[in-house]
Structures are given as structure tokens and as C-alpha cells.
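Each chain, written out:
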Amino acid sequence: MKSEKSQEQAYALARDIYARHKVDTETAIKQLAAIPISLNCWQGDDVRGFEPPQASALGGILPTGQYPGRARNGTELRADLDQAFSLIPGRHRVNLHAIYAETGGRRVDRDALEPKHFAAWLDWAKSRHLGLDFNGTFFAHPKATPATLSSRDPAIRKFWVAHGIACRRIGAAMGKTLGTPCVTNVWIPDGSKDTPADRKTPRERLRHSLDDIFAELLNPAHNLDSIEGKLFGLGSESYVVGSHDFYLAYAAIHNKLLCLDTGHFHPTESVADKISAILGQVDQLMLHVSRGVRWDSDHVVTLTDEVKALAEEIVRGKYLKRIHIGLDFFDASINRVACWVIGARGMLKALLLALLEPTARLQELERTGDYTSRLALLEEIKTLPFGAVWNAYCRRQNVPAGAGWIEEMKAYEHQVLSRRREARGDKRK
Ligand code: RNT
Ligand code: ZN
């Protein structure tokens, strides 16, 4: 085809241009193909999960929008993920939450969840060679307000500790079956809307709860524990028990993965800068790549300067084996399958950009004190023909290059998503 030929020509030209900067596009493409992105399953159904509807507060998580076509069960969610993966180059992972258990209509509370409740997910992941990651769901539950792992009520704390223990076992089973470790993440909404008088005691209780959750030794080849802090949330504007500092210290001392959610920091704080600061002393990181917009921390990831800087730090530091990259957002106002595709392609583009950077040259300029040329080159590489390399990568991975995927996404919307109807009285959230 003519357009294919011109795309090949464009790539050949791009390859030459990058070669002049001593960058091998073929190596970059090969490296990119080996980086998995963990897709946040909760984008597909607005963080509802499959438990019977519960009237409790969501715990600071607030998807907004009423775009038709959300997945209503596991079969639909998996079909939507299949569709998304057909438009995303490479082989990836899926990040599940405990509320996506399939219990065959039986009510199984969170403290009693078992690997068997994720059998359908496991079979599906296995058949598609996908890895799985996992999250305890410490929100959207009658026992989750006003607090979970830091609750002053020992019975409530016990319940959530049992949930945390159950989740680690589920994670380990997933990792063992799939032959790739499952990162099992803990995020809790505990905090205070207004000025607390005691910041100390809830944190002590949280520390003890975490110790209890992590007491059982599990094989790190199967399960990796991660803990995720936050600056503030809806209803926890003045105080968050599990803050970044709290978990950073905990992770360093107890050899846990720290989960950095890029939407959980002050807007001018650079999460990219934290990577080398933390990985000097903590073994591994989990990333929840997200996009903060004003008060919201969960917009769909796009190719922003922040995401580019994140990818640069991952690649420059050669941290690819120690950083698990996941996405975290939920937007119910646009096509949900498209959200995954936009987010994952955005993250992958950032990684490819970083892999195509003439890092050695930049660092040499830095070593010799030529900061003028360093800045000049950083500016010039911004307009190198990156798009031609990205398109070549997509073609080789048999997914649409450029904007070609939009049409396919629209066709899926027309044939599948738009036929889904909300059950009557199910307008919740
Ligand atoms: C909430 C955290 C958490 C959730 C998901 C659903 O602020 O970012 O990671 O978004 O677990
Ligand atoms: Zn997160």
C-alpha cells in the first residue's frame, strides 16, 4: 500500500536522523517492547466492582460523567480490556481491585475473599499471557467510614487487616499461576476533613495494622507488597493518615514497594525527581501514573511534560527492572476503552521518547560543564521525528499506527458499548 510505503520511508529517514545523534531506533523499539504497563481495570466500570450495590461513601474516589457503555460484569470488562489491548502495542498487565471478585452471586465479604473468586480473571490472563497486579479495596464499604486500618475500633481494624491478608494471598496465587510477581497494593482513604487534634495515634494504629497484614512471609517471586500514600482526598483535606512520608519511612524500614501515584502530590512537586531519591534506598517502586487536574487526581494520562520526565528518569536511571508501571485514573465522561488506550499509548510514547534520548551525550556535556550545550540539545531533541518511530513500532506490533485506532474504537463503541443498558434504578455513583 502506498501509505505503508511512505510510512516506511518516514521511518528510514527518522532512523538516520536519530543515528546522527548516536541513537539506535531499533534498540529503542526492542527495549520498549519489553516494558509492561499495568492497565487499571477500574477505568472500565467507574470503580464500581461486582459486589452487590452498597450505599456507603466511596472513600474519596469520585468518578464523574455518564457516558454510556460501562462494563457491568467480568465478561464485559474483560472483553473491553481485550479491545483496548488490541489497540495498544506490546504485552501488558491488568491491575485488579478486590471488588472485582466474581462470587457467583454469593455474598462474600472482603475479609473472606480467596483466590478462587478470581478464577475467571486468572484463566483469562493466562490465556492471553498477561500479568496481574492487585489492590485491596479499603473503600466503598459500610465498614470503611470513618476509617479502616487506622480505625479506633479494634473490630473494624481487624476486619480490614483480614482483608489485607486475604489480598496478599490472592496476589501470591496470581503471581504463582502466571509466573510473574503480582504487586499487591494498599491504599486507604483514612483521614480527616478538618483539622485533627491527634495526628499521631491513627498513624501508630496504621503502622500496627500494616505489620499484621505483612506478618505472613510470602515468596517475592509471587507477591510484592506495595503501599500508596496521598496528599489529600475528598473528605480528607486536612489530614491523611497514610501520607507519603509515612509510607516512605515504612517502605524503607520494612523493605516494601512504595507506590507513587502522580496525582497524589502538590501540583508543583516533581514525582520524576523522587525516583532516584527513593531508589537509592528502597528496592522497588510501583507507579500509579495519573493526571491531576485542580482538585482531582485521576484524569486520563496523556503525554504531558510530567509523564515525559517520569519516563526519562526511569530510563536514565536504568530502573526498568525495579519500577512497576501502572495507570490510575477513572473518567466516566468519555469512552472508557479509549481512556485505557489513550493512557497506555501516552505512557508508552513517553517511554519511547526517553529511550530515544541521546542521554550519553547530554551527560557528557554535563560532566564537562557545558550547560549551554546541554540546554540547547535538550531543546533540539524535542522536535526530532519521534512520531515516525512510534508508528513503526505500532505497525510491527500489529496495532493501528497514528490516529488509526480511533476508528476501531468507534466501531467497538457502536457494535458493543452503545448496546449496553443500565439496569433500572442503577444510576448510583
Ligand atoms: C486513590 C488511589 C487508589 C485508587 C485506586 C482505585 O486515591 O489513587 O490507587 O485510585 O486504587
Ligand atoms: Zn493510585
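Above: the structure in question.
Below is a short write-up of the structure. (Residues numbered from 1 in each chain as written. Chains lettered and ligands numbered in written order. Predicted model: local features only at pLDDT ≥ 70, side-chain atom pairs only at ≥ 80, totals over all residues. Heavy atoms only, no water.)

**Comments concerning the environment of Ala112**
Argument step 1. With respect to the helices, strands and loops of the structure, Ala112 is situated in the loop between β2 (93-97) and α4 (119-127).
Argument step 2. For Ala112, a relative accessible area of 36% gives the class partly exposed.
Argument step 3. Separated by 53 residues in sequence, Ala112 and Gly59 place their C-alpha atoms 21 Å apart. (Helix = DSSP H or I, 4+ residues; strand = E, 2+ residues; numbered from the N terminus. Buried < 20%, exposed > 50% of the residue type's maximum accessible area, 1.4 Å probe, protein only.)

**Thoughts on the packing of helix α5 (residues 154-178) against helix α6 (residues 200-213)**
When two helices pack together, their arrangement is given by the angle between the helix axes and by the axis-to-axis distance.
Argument step 1. Two numbers describe how α5 lies on α6: the axes approach to 9 Å, and their chain directions differ by 40 degrees. Comparing their axes, α6 and α5 come out oblique. With respect to the hand of their crossing, α5 and α6 are arranged in right-handed fashion. Contacts between α5 and α6 pair Arg157, Trp160, Val161, Gly164, Ile165 and Arg168 from the former with Arg205, Ser209, Asp212 and Ile213 from the latter.
Argument step 2. Taken together, the residues of the contact of α5 with α6 break down into 4 nonpolar, 2 polar and 4 charged. (Axes fitted to C-alpha atoms, helices over the stretch in contact; angles between N-to-C directions. Parallel < 35°, antiparallel > 145°, perpendicular 65-115°, else oblique. Left-handed = near helix turned anticlockwise from the far one by under 90°. Contact = heavy atoms within 4.5 Å. Nonpolar A, V, L, I, M, F, W, Y, C, P; charged D, E, K, R; others polar.)

**Looking at the site of ligand 1**
Argument step 1. In the region of ligand 1, the neighbouring residues are Trp42, Ile61, His97, Trp187, Glu228, Lys230, Asp261, His264, His288, Asp328 and Phe330.
Argument step 2. Between ligand 1 and the protein, one listed contact pairs an oxygen atom with a side-chain N or O atom of His288 at 3.1 Å.
Argument step 3. Asp328 places a polar side-chain atom, nitrogen or oxygen, 2.8 Å from an oxygen atom of ligand 1.
Argument step 4. Calculation on ligand 1 without its partners gives an accessible area of 300 Å², and the protein chains cover 99% of this total. (Near = heavy atom within 4 Å. Polar contact = N/O pair within 3.5 Å; in protein donor to acceptor, adjacent residues only side chain to side chain. Areas by Shrake-Rupley, 256 points an atom, 1.4 Å probe, with all protein chains shown as cover.)

**Some words on the coordination of the zinc ion (ligand 2)**
Argument step 1. Surrounding the zinc ion (ligand 2) are the protein donor atoms Glu228 (OE), Asp261 (OD), His288 (ND1) and Asp328 (OD), at 2.1 to 2.2 Å.
Argument step 2. Around the zinc ion (ligand 2), the 6 donor atoms sit at angles spanning 71 to 170 degrees, and that spread fits a shape best called octahedral.
Argument step 3. Taken in sequence order, the residues that donate to the zinc ion (ligand 2) follow the motif E-x32-D-x26-H-x39-D. In this pair, Glu228 is assigned in strand β6 (residues 223-228) and Asp261 in strand β8 (residues 257-261), connecting sequence segments 33 residues apart.
Argument step 4. The class for Glu228 is buried, based on a relative accessible area of 3%.
Argument step 5. Here Asp261 falls in the buried class, since its relative accessible area comes to 0%. (Donors = N, O, S within 2.8 Å, 3.2 Å for Na, K, Ca; no water. Tetrahedral: all angles 85-135°; square planar, octahedral: opposite > 155°, others 65-115°.)

**Side note on the packing of aromatic side chains**
Argument step 1. Scanning the entire structure with this criterion turns up 9 aromatic pairs.
Argument step 2. Seen from their ring centres, Phe214 and Tyr250 are 6.2 Å apart, and the 45 degrees between their planes marks the pair as tilted. Highlighted residues: Phe214 in the loop between α6 and β6 and Tyr250 in helix α7 (residues 244-254), separated in sequence by 36 residues.
Argument step 3. Phe214 sits in the buried class, given a relative accessible area of 9%.
Argument step 4. Owing to a relative accessible area of 5%, Tyr250 belongs among the buried residues under this scheme.
Argument step 5. Site record: aromatic cluster; members linked through ring pairs are Phe138, Phe159 and Trp160. (Phe/Tyr/Trp six-rings, centres within 6.5 Å; stacked < 30°, edge-to-face > 60°.)

Worth remembering: the numbers are spatial, not functional.
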